[in-house]
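Each chain, letter by letter, is given below.
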Amino acid sequence: MKGNLILRKRLMLACWLLIINFSSLHAQVYDVTRFGAIGDSITDNTLFIQKAIDSCAETGGKVYFPRGIFLTATLYLKSHVTLDLSGGAVILGIADFKKYPYLNAGIHFYGEDWAKQSLIFCKDQEDVSIEGNGIIDGQGAKFITATIKKPDRYKNRPYLLWFINCKNISVKGIQLRNSAFWMQHYLGCEYVNINGIKIWNHSNKNNDMMDIDGCKYVTISNVIGDSDDDGITIKSTSPLLSEHITITNCVLSSHCNALKFGTESTGGFRNITVSNCIIKPSAQLSTIYGKPAGNSGISLELVDGGIMENVTVDNIVIEGPQVPLFIRLGNRARKYIDAAKVPLPGKIRNINISNIIATSADETGCSFTGIEKAAIENISLSNISIETSGSDEPVDLSKPVEEKESEYPEAAMFGKLPSYGFFIRYARDIKLSNITIRSKNKEVRPGIIVDKTDRFLLTGLDIQSVSDTKAAVYINSSSNGVIKNNLHHYPVQQFLLKGQLSANIETDSIKK
């Protein structure tokens, strides 16, 4: 009797727990239509959707968007809330900048005076997600800028997503389309996971694909993106470093730079890997900036102080951009805010680039350059194949390439280089191994030029040439180098041409 009573009490407790758990799970899904939202593409749903987010934030859970087009202005995403977009659901930004309030980032950064608006805004929150099979569309083409004056031309164009000082962010599965400015800006965040999203951004000026800015512990994977301005962009617009970042398994297209570090580099970049990606021409043939096939594949730029160190790029296919690879340490020295000190030249070191296949590059050539007061250091390139369009114009190797120390960095900033493969200047501890350089048409320039560089190794070079080519490799004003085990295509006049100021150069055990 007593045992049966205990058993009945246990069964009743179990039932109550099941009911409570079921109710709790049910309560954690907040359908926006139950808060008044209408997916007719006409109704302003801002208040209704925000009520759903606020209610969800009290318990944690998902704000659910069923099939429909939900017009809205700025939404404030809060801790422990997931925006869940079903297939056929669209969050559509209202095409009126006056509907987007000016927002305070709370972190001083370059751009704070004009970048103040966003469709989805999340600041000082944690455990937030955006997921599903739906679309977020900013209607960016409808935000028309009537001036080219800086900074006015940047104003009143909202981001699509803006996360600031947040932790544990997940953005996965969704499609992001048509921002009025950068598609997504992550500023000073930690533990960011961006996975399996599709991005299309060809609506307005400054249409970056994504900007990771002063963040750490970031994973970016399985992204398919196409943008008019830069693609996956790692920035440092404040003293915060961008560090501990992995980028993998992405397919990227950009009219500008498909993968870029910079240009803002105040804090810098550290401990970043890029692997298993494809860079291809954009599906959008008309351009706002750049070129249809892109300005560059991968650009690593440091011009406003800061550091760039411990970066690996591996297993990348690059088709189409005019310049496949670009590294630039310059001295633009722009302050991130007016009250800041003018930054000193930064440092680029410990960069490893390997297993690259690049085709359909134009005649420009790839430049890896520092400046006289700040050399790039410990740069390794291995197993790289580059195919260019070729140029049969003669080159004057005695004519120096302009230094342009303080200018804006971009892959074609020096014009057509005197070498059609790699031009290396102001560098220290450089290694090139197993490098193949080809041109579709006649090419008379050297494949590689090393200028004002100390300690370098060139091995396993295979450089196409013609009888008009003075040398496959030209070494100028450089010292302490080893050149060995190389191939070259006759009838080049000579494999190596050494300038008078170069010293202590060894070639296949013969010191010259």
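Before any of the text, the structure's been laid out above.
Below or above, wherever it landed, is the structure these notes cover. (Residues numbered from 1 in each chain as written. Predicted model: local features only at pLDDT ≥ 70, side-chain atom pairs only at ≥ 80, totals over all residues. Heavy atoms only, no water.)

### What about unusual backbone geometry?
- Cis geometry is found at the peptide bond from Lys-150 to Pro-151, where omega equals -5°.
- Within the secondary structure, Pro-151 sits in the loop between β10 (135–137) and β11 (159–164).
- Cis geometry is found at the peptide bond from Gly-262 to Thr-263, where omega equals 0°.
- Checked against the element boundaries, Thr-263 lands in strand β23 (residues 257–265).
- One non-glycine residue, Asp-124, adopts positive backbone phi at about 60°.
- In this fold, Asp-124 is placed in the loop between β8 (118–123) and β9 (126–132).
- Its relative accessible area of 44% is what places Asp-124 among the partly exposed residues.
- The phi angle at Asn-504 is positive, at roughly 60°, despite the residue not being glycine.
- As for its position among the elements, Asn-504 is in strand β37 (residues 503–507). (Helix = DSSP H or I, 4+ residues; strand = E, 2+ residues; numbered from the N terminus. Buried < 20%, exposed > 50% of the residue type's maximum accessible area, 1.4 Å probe, protein only.)

### Section: the pairing of β23
- Along β23, nine of the nine residues are buried, which leaves the element largely enclosed by surrounding structure.
- Here strand β20 (residues 232–236) runs beside β23; their pairing, made up of four bridges, is parallel. Bridged to Ile-232 within β23 is Leu-259.
- As judged from the four bridges shared by β23 and strand β25 (residues 296–302), these two strands associate in the parallel manner. When the bridges of β25 are listed, Leu-259 appears paired with Ile-298. (Pairing = 2+ DSSP bridges.)

### Digging into the pattern of salt bridges
- This model, assessed by the stated rule, comprises 22 salt bridges.
- When salt bridges that share partners are traced, they join Glu-243, Arg-270, Glu-309 and Arg-349 into one network. (Salt bridge = Lys/Arg side-chain N within 4 Å of Asp/Glu carboxyl O.)

### Notes on the layout of surface pockets
- The calculated volume of the largest pocket comes to roughly 740 Å³.
- Tyr-154, Asn-206, Asp-229, Glu-264 and Tyr-408 are, among the 34 residues lining the largest pocket, the residues nearest its centre.
- If you tally residues by element for the lining of the largest pocket, the top one is β23, at four residues.
- For the lining of the largest pocket, the class distribution of residues is 14 nonpolar, seven polar and 13 charged. (1 Å grid on protein atoms, 1.4 Å probe; cavity = no way out; pocket = protein on both sides within 12 Å on 5 of 7 lines; lining within 4 Å. Points joined across faces, edges and corners; volume = space filled by probe spheres on them. Nonpolar A, V, L, I, M, F, W, Y, C, P; charged D, E, K, R; others polar.)

### Quick notes on the environment of Ile-448
- Relative to the assigned elements, Ile-448 resides in strand β32 (residues 448–463).
- Expressed as a C-alpha distance, the spacing of Ile-448 and Ser-467, which sit 19 residues apart in the sequence, is 17 Å.

### A look at the pairing of β11
- Burial analysis of β11 places six of its six residues in the buried class, the great majority of the element.
- Relative to β11, β8 runs parallel, the two being bridged by five bridges. Note on β11: the bridge partner recorded for Ile-120 is Leu-161.
- Two strands pair when backbone bridges link them, and β11 and strand β14 (residues 184–187) are joined in this way by four bridges, in the parallel orientation. Residue pairing across strands places Leu-161 opposite Gln-184, the latter belonging to β14.

### Side note on the state of the cysteines
- A full pass over the atoms with the stated rule returns zero disulfides.
- The thiol of Cys-256 is unpaired, and the distance to the nearest cysteine sulfur, on Cys-366, comes to 17 Å.
- Here Cys-256 falls in the buried class, since its relative accessible area comes to 7%. (Disulfide = S-S within 2.5 Å.)

### Looking at the nonpolar core
- Core analysis: the biggest nonpolar cluster contains 124 residues, and Ile-136, Phe-163, Phe-368 and Phe-422 have the highest contact counts within it.
- In terms of residues, this core owes the most to one element, strand β31 (residues 422–439), which gives eight residues.
- If we skip the residues at most four places from it in the chain, Phe-422 touches Leu-325, Cys-366, Phe-368, Leu-381, Ile-384, Ile-386, Leu-432, Ile-435, Ile-437, Gly-447, Ile-448 and Ile-449.
- Of all hydrophobic cores here, the second largest spans 14 residues; its members include Phe-109, Ala-115, Phe-121 and Tyr-159. (Core = buried A, V, L, I, M, F, W, Y, C linked by side-chain atoms within 4.5 Å. Contact = heavy atoms within 4.5 Å.)

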